[in-house]
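Listed here are the chains, written in short residue letters.
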Amino acid sequence: MPRQAINITDYIEPLHINGLSGRVLNLPAQKSTTKKEILMLYGHHASIERMMGLAEDLRKYAKVTLPDLPGLGGMDSFYTIGKKPTLDNMADYLASFVKMRYKNRRFTIIAMSFGFVVATRMLQKYPELAKRVDVVVSIVGFAHKDDFRFKRRNWILMNIMTRAFSHRVPAWLVQHVVLRPAFIRMAYHLVENTHDKLKDADEAERKRRVDFEIGLWQMNDIRTYMDNAVTMFKLDLCTQQVDLPVWHVTVEPDRYFDNRLVEQHLHIIYNDVTIALSKMAGHAPSVVATAKEAAPFIPASARRMLRQT
């Protein structure tokens, strides 16, 4: 008898924590007898909807929980409660969520890009929580500012821009004046033949992806986005070790990171590092709507590990 399809959006619930309101995806495992649990975290420019296909794919192995991060995915930002979105504050928020969601249960962390940065910092600050983690899976994650492969000119320009727009007034102007659908659509149209997220798509698919990008730019707090970028451009997580193994899912080529340096920095932080090459191209697509589209994300070796862990 074929397995009945589920509507993943039915499993998105309100999330209220530390004075902030957002959402969380609580997705049951494919088999009702499965006791394993996965904490999944998205990246810098993302939402629960962007990661639904991957979450659906991972439910083959465990229950999947995917919470919003403050200022991202439509969740309230730290600024609404008088705080700044520092990496330590992000890590503290995640630790509060873990304590609330998992109590004393064990779980696996699967985190993408900036989400992996937040998870690593949480494990560094809260070693008692690290003791309940079976394994950490990084999907195109990183750990140090030197991991970026930008040209020096672009690096300087991005540092200047992100620092400028992380202030209240410039961020408000970008959020309410610049990030209008027509402007965003025009910007993507100018680069549609060279942009990694668009160049491989036909006209209908490009429109779908750009429409989704418009939603992301409008739902995420731009000041938090810029603050997080500032954090990434000065990042150094290599000052403290984490007593856990990490599986690092990487792509070749990655338009953002130097894979060799990322691996070196992960070896400094984690006690065991396994590299798994993904079939996906670039860094990450705009939206992964189905489990079938998500299949290339997780290499066969990492899937075997998830089945056995």
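Heads up: these notes are all about the structure in this document. (Residues numbered from 1 in each chain as written. Predicted model: local features only at pLDDT ≥ 70, side-chain atom pairs only at ≥ 80, totals over all residues. Heavy atoms only, no water.)

### Re the packing of aromatic side chains
This is how it is decided: A pair of Phe, Tyr and Trp rings is counted when the ring centres sit within 6.5 Å of each other, with Trp represented by its six-membered ring. The angle between the planes then sorts it: under 30 degrees is stacked, over 60 is edge-to-face, the rest tilted. Strands are runs of DSSP state E lasting at least two residues, helices are runs of H or I lasting at least four, and both sets are numbered from the N terminus onward. Burial here depends on accessible area, computed with a 1.4 Å probe over protein chains only, as a share of the maximum for the residue type. Under 20% is buried, over 50% is exposed, and the range in between is partly exposed. Definition used: whenever NZ (Lys) or CZ (Arg) falls within 6 Å of the ring centre and also within 35 degrees of the ring normal, the charge is taken to sit over that ring.
Counted under the stated rule, the structure contains 13 aromatic pairs. Taking 5.4 Å as the distance between ring centres and 70 degrees as the angle between the ring planes, the aromatic pair formed by Phe148 and Phe233 counts as edge-to-face. Highlighted residues: Phe148 in the loop between strand S6 (133-139) and helix H5 (152-164) and Phe233 in helix H9 (residues 222-233), separated in sequence by 85 residues. Taken individually, Phe148 and Phe233 each receive the classification buried, so the pair is uniform in this respect. By the ring-pair criterion, three or more aromatic residues cluster together here, those being Phe142, Phe148, Phe150, Trp155, Phe233, Tyr256 and Phe257. The ring of Tyr102 is capped by Arg101, whose NZ or CZ atom sits 5.1 Å from the centre of that ring. Above the ring of Tyr79, the side-chain terminus of Arg223 is found at 3.8 Å from the ring centroid.

### Regarding the packing of H5 against H9
In plain terms, the rule: Between N-to-C directions, angles span 0 to 180 degrees; the directions come from axes that are lines fitted to C-alpha atoms, helices contributing only their stretch in contact. Small angles under 35 degrees read as roughly parallel and large ones over 145 as roughly antiparallel, with 65 to 115 read as roughly perpendicular and the rest as oblique. In this scheme the handedness of a crossing depends on how the near helix is turned from the far one: anticlockwise by less than a right angle means left-handed, clockwise means right-handed. The contact rule is simple, with two residues in contact once any of their heavy atoms fall within 4.5 Å. Classes in brief: Ala, Val, Leu, Ile, Met, Phe, Trp, Tyr, Cys and Pro nonpolar; Asp, Glu, Lys and Arg charged; the others, Gly included, polar.
It is at 8 Å that the axes of H5 and H9 come closest, and there the two elements cross at 140 degrees. The angle between H5 and H9 places the two elements in the oblique class. Crossing angle aside, the handedness with which H5 passes H9 is left-handed. Two secondary-structure elements touch here, H5 through Trp155, Met158, Asn159, Thr162 and Arg163 and H9 through Met226, Ala229, Val230 and Phe233. For the contact of H5 with H9, the per-class residue count stands at six nonpolar, two polar and one charged.

### Side note on the side chain of Glu37
By the element assignment, Glu37 lies in strand S3 (residues 37-41). Exposure remark for Glu37: the relative accessible area of 6% places this residue in the buried category. Those residues within four positions of Glu37 in sequence are excluded, and the remaining contacts are Ala62, Lys63, Arg101, Tyr102, Arg105, Arg106, Phe107 and Thr108.

### Observations concerning unusual backbone geometry
Of note, the phi angle at Ser113 is positive, near 50 degrees, even though the residue is not glycine. Here Ser113 lies in the loop between strand S5 (107-112) and helix H3 (114-125). Taking relative accessible area as the criterion, Ser113 reaches 10% and is therefore assigned buried. Residue Val140 is not a glycine yet carries a positive backbone phi of 45 degrees. In this structure, Val140 sits in the loop between S6 and H5.

### Focus on H3
Cut-off, in case you're wondering: For a helix, the expected span equals 1.5 Å multiplied by the residue count minus one.
Given a rise of 1.5 Å per residue, twelve residues ought to cover 16 Å, and the 17 Å separating the end C-alpha atoms of H3 matches this to within 8%. Most of H3 sits out of view: eleven of its twelve residues are buried. Listing the buried residues of H3 in full gives Phe114, Gly115, Phe116, Val117, Val118, Ala119, Thr120, Arg121, Met122, Leu123 and Gln124.

### As for the sheet that holds strand S8 (residues 270-277)
Consider a sheet: its strands pair through backbone hydrogen bonds, and that pairing is either parallel or antiparallel. In plain terms, the rule: Being paired, for any two strands, means DSSP has found at least two bridges between them.
An order of S1-S2-S4-S3-S5-S6-S7-S8 is seen for the eight strands of this open sheet, with the pairing classed as mixed. Unpaired on one side and paired on the other, strand S1 (12-17) and S8 mark the two borders of the sheet. Within this sheet the neighbouring strands show an average axis-to-axis angle of 25 degrees, counted without direction. Bridging between S3 and strand S4 (residues 63-67) involves three bridges; their strand directions are parallel. Across the sheet, the residue bridging to Glu37 is Lys63, located in S4. Helix H10 (residues 259-269) contacts strand S7 (242-250) and S8 of the sheet and is inclined by roughly 150 degrees relative to S8. Set on the sheet, helix H12 (residues 300-308) makes contact with S5, S6, S7 and S8; between it and S7 the angle comes to about 140 degrees.

### Description of the pairing of S1
Relative to strand S2 (residues 20-27), S1 runs antiparallel, the two sharing six bridges. Counterpart to Ile17 in the pairing with S2 is Leu20.

### Topic: a nonpolar patch on the surface
Worth spelling out the cut-off: A patch consists of residues whose relative accessible area exceeds 30% and which take part in no salt bridge; residues with like charges are grouped when within 9 Å of each other, and nonpolar side chains (Val, Leu, Ile, Met, Phe, Trp, Tyr) when within 5 Å. Surface accessibility follows the Shrake-Rupley procedure with a 1.4 Å probe radius. Residue values consider only the protein chains on display as shielding. Every case where a carboxyl oxygen of Asp or Glu lies within 4 Å of a side-chain nitrogen of Lys or Arg is listed as a salt bridge.
Residues Val169, Trp172, Leu173, Val177 and Val178 make up a contiguous nonpolar surface patch of roughly 450 Å² in combined accessible area. Along the chain, Leu173 turns up in helix H6 (residues 168-178).

### What about the environment of Tyr102?
The condition that has to hold: Under the rule applied, a polar contact is a pair of N or O atoms within 3.5 Å (in protein, one hydrogen donor and one hydrogen acceptor; residues adjacent in sequence only if both atoms are side-chain atoms).
Here Tyr102 is to be found in helix H2 (residues 87-102). Through-space distance from the C-alpha of Tyr102 to that of Leu72 is 22 Å; in sequence the pair is 30 residues apart. There is a polar contact of 3.4 Å between the side chain of Tyr102 and the backbone oxygen of Ile38.

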